[in-house]
Amino acid sequence: MRQPLVAAPETRPATIPGWTVVDVRDGTAVLEGPDGIRMAARGDTIPGIGRVESIVRWGNRWVIATASGLIAAQ
């Protein structure tokens, strides 16, 4: 017998602590991290975080996927 489908609550993706997306301009993300502000585009490597895999708009916020996890706007 099959179980009925139940709606799951929306969850936020796990993000890398200490990092946030400030803005995205022309495919370049403005990130704030422990060492201050830095800019990164897809393919760039961020020390301690790794390569930027993608920069996408998720609903009303920006999410940056890196080799170590996600960085999101607050």
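Computed from a predicted structure; not experimentally measured.

Trainee: Sorry if this is basic, but what is going on with the environment of Ile-46 here?
Mentor: Topologically, Ile-46 is positioned in strand 4 (residues 45–46). Given the relative accessible area of 1%, Ile-46 is considered buried. In the structure, Ile-46 is positioned 16 residues away from Val-30 in sequence and 12 Å away in space, judged by C-alpha atoms. Ile-46 has contacts with Trp-19, Leu-31, Arg-38, Ala-40 and Val-52, leaving out every residue within four places of it along the chain.

Trainee: How should the nonpolar core be read in this particular structure?
Mentor: Where a protein is soluble and globular, its nonpolar side chains tend to be buried together. Membership of the largest hydrophobic core comes to 14 residues, with the highest contact counts inside it found for Trp-19, Val-21, Leu-31, Ile-46, Ile-64 and Ile-71. Within the residue set of this core, elements represented by two or more residues are strand 1 (20–25), strand 2 (28–33) and strand 5 (50–58).

Trainee: Sorry if this is basic, but what is going on with the pattern of salt bridges here?
Mentor: Where charged atoms from two side chains of opposite charge approach closely, those side chains can pair. Per the counting criterion, the structure on display carries two salt bridges. For the salt bridge of Asp-23 with Arg-25, the shortest nitrogen-to-oxygen distance reads 3.0 Å. Taking the relative accessible area as the measure of exposure, Asp-23 reaches 26% and is therefore partly exposed. Across the salt bridge formed by Glu-53 and Arg-51, the nearest N and O atoms sit 3.0 Å from each other. Glu-53 gets classed as partly exposed once you look at its relative accessible area, which sits at 34%.

So, how was this worked out
- Residues numbered from 1 in each chain as written.
- Predicted model: local features only at pLDDT ≥ 70, side-chain atom pairs only at ≥ 80, totals over all residues.
- Heavy atoms only, no water.
- Helix = DSSP H or I, 4+ residues; strand = E, 2+ residues; numbered from the N terminus.
- Buried < 20%, exposed > 50% of the residue type's maximum accessible area, 1.4 Å probe, protein only.
- Contact = heavy atoms within 4.5 Å.
- Core = buried A, V, L, I, M, F, W, Y, C linked by side-chain atoms within 4.5 Å.
- Salt bridge = Lys/Arg side-chain N within 4 Å of Asp/Glu carboxyl O.

Everything listed is a geometric property; what it means functionally is a separate question.
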